[in-house]
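# An overview of the molecular structure
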Amino acid sequence: MKPLPEPCNEHQKKSSSARGEMPSGEAKAAPGNTELGAESPARQNGFTAPPSVSESHAPSPPHAPAVEAQLPREQWGGKYEFLLSCIGYCVGLGNVWRFPYLCYRNGGGVFLIPYFIMLFFTGMPLFLMELSLGQYGAAGPITVWKCCPLLKGIGIGMLCVSMLVCLYYNVIIAWTFYYLGSSFQSPLPWSCDYSANVKLCNTTTKSPSEVFWNKNVLGVDNSTGLHDPGPVRWQLALCLLAAWFIIFLCMLKGIRSSGKVVYVTATFPYFVLLVLIIRGATLEGSLQGVAFYLTPVWEKLANAQVWNDAASQIFYSLGIGVGGLLSMASYNKFDNNVIRDTLVITIGNCATSFFAGFAIFSILGHMAWRKGVPVEKVADTGPGLAFVAYPEALALLPGSVFWSILFFLMLFMLGVDTLFGNMEGITTAVLDEFPQLRSNMKHKTLFLGLLCFGFYLMGLLLVTNGGIYWFTLIDSFSTSFGLIIITLFMCLGISFFYGVNQFCQDIVDMICRCPPWCTKVLLYFKACWVFCTPFLLLFILSYIFIEMYRTSLRYGSYVFPLWGKALGVCMGTFCCLQIPIWAIVAVSRESGTLKDRFQKAIRPLNSWRVNNLNSSPHEQHVEPERIEGPFTVNLTEMDFTAMAWDSSEA
């Protein structure tokens, strides 16, 4: 590995950000590609004109193509908008309804050991890689692969995964809307004080909250399985429409609107969690719940399932590999310190998960004390916790209506923030591929409206009587092995095709005034990208395939049929198949032998990095994309004066 260079000075920093180039002054190329380093800024479509000719505005050949100026790319209104957007994107429903359950199931406090090991060796390196790639390239998940056209399929695969996530994630927000509306009545319709629930509370078979969830909300009692979705439940259809309309309004002006919304949506959940912790600490039995949450069981460390759960929770809670982080980072200023942001966001996300566990288990401990049962009898994960166990616990508190409204408002904010990031990944990818949409607000609004409405129509399947089965299927396979494969190829592609030394140099160029600690931390991340992270991703992938083969997919007592499981496998396969498909396309577009084509396909395009328009609007430099031709012609001064010389000789 070559040593990292010394930090650049202030003059280099300003000049490089103004030109949209690297501060070191060197033309960046992939390792092994020396031709790019000698290219002149005036090169267009294979023709090279010397700087003196281009600067003096000498007449150009009649067939020379014109360079179209692009619109300046939007930027975050302030540093905190980006940080809050990333924190809101990462801190989602999984932090509240999945981490506490995994913690108690996998040995209590012992689970934090594999959890933080996976954070430092998998989560942080991949998080930094995605932020750095987006910020340096100033492009979305598809266009950013100008750095290595062979890997464009990774961006397409990210887009496919993000679309599947958006499809089902907003259904959760629709459920939250339904519960939020139902909370504005006293007594709560899932409490024992509600007149229709008196008989249920006298039996031990099903709780009122469970009946309300399955019968009133889902209607799953009227469906026999995946093959029998039944009619659309109009109440949920209206809630889903309202959810997509809110997303449309918040995303209408891009980061200029969503960047302001996150000041509320990203901070409000912390306020609610703090209030719930304070309230829970005053309840009888709360310490029993917290003890159940944190009591260590050291024998669990020898179980591979514990390590897989830790890795998967880190991976999914940070939102890696979906394109949201990459897209949000693409709107940063070029000299933003991505290493500092990575440390703040990832550690803040994990601390929030741990913090949320106290809010959850203190109140579940009170419910277990009221019922006279162990805490494990009332603990649950996923929708079962958010819409059955926890609402039932809140119904036991004095002022239950207030606590219920507060809790479901928090779930709404958590869901909306995460959906912002996923939708930003989709819209940025499309707008970067079709930049004319950015210049026309009408066309951009129409595109966003059609996108949201299309998701709404597809999401109607998930709000039928059997919609929960389809929800479980998409949730289980959309972010399963396909996402791990996409992320694995991203890590390997940047490390070995683009070059890990080059990538580290790019990060140093961005940070510019790189503190000594940043340089040392970067060496650690380099080792992770090359060795630790790919190995751990392979471990997760192997475990997923083993579990997929050994276990059946279930929802409650319903076992999914083989064709349903095969459909889920096809979803994940379709996402990761984009990588070889677009790699073949990239190689076929080049000329020469197969080896030559491959080497050209991993070489960055000329427009990589130089089309970053985050600099001053008066000092923008746009270079056209490289177009390979069968011949290379180098134009000189004589080529432009040849006509006058010939006429004088005549």
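Everything here concerns the structure above.
Thresholds applied
Residues numbered from 1 in each chain as written. Predicted model: local features only at pLDDT ≥ 70, side-chain atom pairs only at ≥ 80, totals over all residues. Heavy atoms only, no water. Helix = DSSP H or I, 4+ residues; strand = E, 2+ residues; numbered from the N terminus. Buried < 20%, exposed > 50% of the residue type's maximum accessible area, 1.4 Å probe, protein only. Contact = heavy atoms within 4.5 Å. Axes fitted to C-alpha atoms, helices over the stretch in contact; angles between N-to-C directions. Parallel < 35°, antiparallel > 145°, perpendicular 65-115°, else oblique. Left-handed = near helix turned anticlockwise from the far one by under 90°. Expected span 1.5 Å × (residues − 1). Patch = residues over 30% accessible without salt bridge, like charges linked within 9 Å, V, L, I, M, F, W, Y side chains within 5 Å. Areas by Shrake-Rupley, 256 points an atom, 1.4 Å probe, with all protein chains shown as cover. Salt bridge = Lys/Arg side-chain N within 4 Å of Asp/Glu carboxyl O.

For the rest of this paragraph, the subject is the overall build of the chain. Scanning the chain for helices and strands turns up 26 helices and four strands. Each of the 650 residues in the chain was classed as buried or not, and the buried ones make up 57%. Long-range pairs, those at least 24 residues apart, make up 83% of the contacts in the chain with a sequence separation of at least 6.

Turning to unusual backbone geometry, a few remarks are in order. With an omega of 0°, the peptide bond between Ser186 and Pro187 qualifies as cis. The residue Pro187 is located in the loop between helix H7 (152–182) and helix H8 (198–201) in this model. Of note in the backbone geometry, Ala138 takes a positive phi value of approximately 50° without being a glycine. Along the chain, Ala138 falls in the loop between helix H6 (112–137) and H7. Under the relative-accessibility criterion, Ala138 is labelled buried at 7%.

Helix-helix packing: each pair is described by the crossing angle between the helix axes and the interaxial distance. The contact between H7 and helix H21 (residues 467–478) brings their axes to 10 Å, and the two run at 140°. What the angle tells us is that H7 and H21 run oblique. Along this stretch, H7 crosses H21, giving a crossing that reads as left-handed. Across from Val161, Leu164, Val165, Leu167, Tyr168, Val171, Ile172 and Trp175 in H7, the residues of H21 making contact are Ile468, Phe471, Ile474, Asp475 and Ser478.

Further remarks concern helix H3 (residues 79–90). Look at H3: 17 Å from first C-alpha to last across twelve residues, which is about the 16 Å you get at 1.5 Å a residue. All buried positions along H3 are accounted for by Glu81, Phe82, Leu83, Leu84, Ser85, Cys86, Ile87, Gly88, Tyr89 and Cys90.

Moving on, we get to a nonpolar patch on the surface. Together, Ile113, Phe116, Ile117, Phe120, Phe121, Trp298 and Tyr524 make up an exposed nonpolar region whose accessible area comes to about 610 Å². Examined against the element boundaries, Ile113 turns out to sit in helix H6.

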